[in-house]
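Summary of the model geometry
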Amino acid sequence: MDDILRVSAFSYIAFSSNLTSYSQVISRIALKENAGQKSVQLKEINLMEASPAMRTIQEGKLRHFADRIGCELNWHDTLSSIKRSDAFTMVVAHEFFDALPFYLLQKTQDGWREVMVASTLDPIKDPRSCFDTEIDTPLSTSPSPAHDGPLFQRVLLPTSNSMSRSVLTLSPHLADTAANLPIGSFLEVSVESYLNAAALSQLIGRPRLLGESSQVDNADPPTGGGCGLIIDYGGDQAFENSFRAFKDHKIVDVFHQPGKTDLTANVDFALLKQAMGAQVDKHGPLTQGDFLNKMGMSVRVMGLVRQAKDEERRSAIIDAAKRLVDPVGMGEEYKVFGFTNIKESPSVYPFDEGVNSS
């Protein structure tokens, strides 16, 4: 984030822009002209953050920067509260989509059914299965002598429901994937990801086509264009069962200590592309390793190493950089997806394959 703001504030680019963060950041930059010299000024920094604690941390890190350059610093609960602007808008969504809720479906002889979450506790013998809505007594996550396993489990609905019948019609990509999977297969579908991707495209995108529906109320006013990056786990495909949990940098059961683990599911970038429609041009995704190497990560690392005060710090920088591009780790697991609404831009570096409007 520091590097993004540093470059946004001090680059000299001949366009207007608005910087916003999705964590997620959305920023806007405005073109100014003084004494015949054109320069760029950061106009707004908008962050989507649900956690009050994280907002406090972000305030502490960013307020001095915003005050120094004279830009607005705003927080939002939803993307719909961020209005379209005539300033150029830049979006960064880092590990945002992988944390959104999703439906898990399983294909049976009778069609697709939803997989739900249920308690493993006996509702008669174990009082922990009961909730008192008047008292703040959440379900304990510690095992009891009579129950030493997980407190939750997956259960398959006995029949299909309206959701399992309708969600696969969200996009042709999902319908095709579902039709080609064998009996017994699972499929993760994030409607929230679809809606947020559609809203992002309308935030910076071209005017909607005749008859095309809007996902946000502020989709019609003119926009100054923009660009965005989505960095996340996933790939250009749907996933069957990628849902997992991390605790202390280790993978654990998804029902381990509910509320105290980092839950994630792979992002279906093909679904995001279809959600964005024709409002923006789509680029990638590339692997994180390819993206960072093409963007000159080695030059940045060498600069940091030269500035390091001791050998321990130099080694830490080099090791961290290697992890980011490791082809058997983060370098391959993370993908970088770009989207743009920029005039006269047939291709966007480092997405060398050019514009993808599919």
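Before reading further, recall that the structure is shown in the block above.
Let me begin by describing the structure that accompanies this report. As the structure is a prediction and not an experimental result, all values here were calculated from the model.

On to empty space enclosed by the protein. Roughly 150 Å³ of internal volume is contained in the largest cavity. Lining the largest cavity are 16 residues, with S190, S193, N266, V267 and D268 positioned closest to its centre. Among the residues forming the lining of the largest cavity, the class breakdown is 10 nonpolar, 3 polar and 3 charged.

Across the interface, helix 8 (residues 297–307) lies against helix 9 (residues 311–325) with an axial gap of 9 Å and an inter-helix angle of 165°. Accordingly, the angle class assigned to the pair helix 8 and helix 9 is roughly antiparallel. When the axes of helix 8 and helix 9 are compared, the crossing they make is right-handed. Along the contact surface, helix 8 presents M297, V301, L304 and V305, while helix 9 presents R314, I317, I318, A321, L324 and V325. Partitioned by chemical class, the residues of the contact of helix 8 with helix 9 number 9 nonpolar, no polar and 1 charged.

Strand order in the open sheet made by the 4 strands is 8-7-6-9, with antiparallel pairing throughout. Looking at strand neighbours, the two that pair on one side only are strand 8 (152–156) and strand 9 (186–189), the edges of this open sheet. Recorded for the sheet is a direction-independent mean angle of 35° between the axes of neighbouring strands. Sheet strands in contact with helix 4 (residues 172–180) are strand 6 (103–108), strand 7 (111–119) and strand 9, and its direction is about 170° off that of strand 9.

Looking at where S190 falls in the secondary structure, it is placed in the loop between strand 9 and helix 5 (191–204). By relative accessible area, which is 11% here, S190 ends up buried. Here the side chain of S190 touches P101 through a polar contact of 2.9 Å, landing on its backbone oxygen.

Our focus in this paragraph is the packing of aromatic side chains. Evaluated as defined, the whole model comprises 8 aromatic pairs. Aromatic pair F96 and F97: ring centres 5.2 Å apart, planes at 90°, arrangement edge-to-face. Residue F96 shares its accessibility class with F97, and that shared class is buried. Each member of the aromatic cluster is reached from another via a ring pair, and the members are Y233, F246 and Y334. Over the face of the ring belonging to Y233 we find R244, whose NZ or CZ atom lies 4.8 Å from the ring centre.

What follows covers the packing of helix 5 against helix 6 (residues 269–276). Each packed pair of helices is defined by two parameters, the angle between the axes and the distance between the axes. Remark: helix 5 packs on helix 6, axes separated minimally by 8 Å, with the N-to-C direction vectors making an angle of 45°. By the criterion of interaxial angle, the relationship of helix 5 to helix 6 is oblique. Helix 6 is crossed by helix 5, and the crossing has right-handed handedness. Here S193, Y194, A197, A198 and S201 of helix 5 lie close against helix 6, whose contacting residues are L271, L272, Q274, A275 and M276. A class-by-class count of the residues in the contact of helix 5 with helix 6 yields 7 nonpolar, 3 polar and no charged.

The next point concerns the sheet that holds strand 13 (residues 262–264). The sheet built from 3 strands is open, its strands ordered 12-11-13 with antiparallel pairing. Only two strands of the sheet have a single partner each, and these edge strands are strand 12 (250–252) and strand 13. The mean inter-strand angle of the sheet, taken between neighbouring strand axes irrespective of direction, is 40°. As defined by bridge partners, strand 11 (residues 244–247) adjoins strand 12 across 3 bridges and the pair is classed as antiparallel. Within strand 12, the position partnered with F246 by the bridge is I251.

The next subject is the environment of A178. Among the structural elements, A178 can be located in helix 4. Residue A178 is classed as buried on the basis of its relative accessible area, which comes to 5%. Along the chain, A178 and G111 lie 67 residues apart, while their C-alpha atoms are 10.0 Å from each other. Setting aside chain neighbours within four positions, we find A178 in contact with K107, W112, L168 and L187.

If you walk through the whole model with that rule in mind, you get 6 salt bridges. The salt bridge involving E59 is made with R63; its shortest N-O contact spans 2.9 Å. Pair noted here: E59 and R63 are both in helix 2 (residues 52–69), with a separation of 4 residues, about one helical turn. Owing to a relative accessible area of 29%, E59 belongs among the partly exposed residues under this scheme. One salt bridge connects E311 with R314, and the closest N-O pair in it is separated by 3.2 Å. On the criterion of helical spacing, the pair formed by E311 and R314 is a turn pair, its members being 3 residues apart in helix 9. Each member of the salt-bridge network shares a partner with another, and the members are E59, R63 and D67.

Here is what the cut-offs are and how they apply
- Residues numbered from 1 in each chain as written.
- Predicted model: local features only at pLDDT ≥ 70, side-chain atom pairs only at ≥ 80, totals over all residues.
- Heavy atoms only, no water.
- 1 Å grid on protein atoms, 1.4 Å probe; cavity = no way out; pocket = protein on both sides within 12 Å on 5 of 7 lines; lining within 4 Å.
- Points joined across faces, edges and corners; volume = space filled by probe spheres on them.
- Nonpolar A, V, L, I, M, F, W, Y, C, P; charged D, E, K, R; others polar.
- Axes fitted to C-alpha atoms, helices over the stretch in contact; angles between N-to-C directions.
- Helix = DSSP H or I, 4+ residues; strand = E, 2+ residues; numbered from the N terminus.
- Parallel < 35°, antiparallel > 145°, perpendicular 65-115°, else oblique.
- Left-handed = near helix turned anticlockwise from the far one by under 90°.
- Contact = heavy atoms within 4.5 Å.
- Pairing = 2+ DSSP bridges.
- Buried < 20%, exposed > 50% of the residue type's maximum accessible area, 1.4 Å probe, protein only.
- Polar contact = N/O pair within 3.5 Å; in protein donor to acceptor, adjacent residues only side chain to side chain.
- Phe/Tyr/Trp six-rings, centres within 6.5 Å; stacked < 30°, edge-to-face > 60°.
- Lys NZ or Arg CZ within 6 Å of the ring centre and 35° of its normal.
- Salt bridge = Lys/Arg side-chain N within 4 Å of Asp/Glu carboxyl O.

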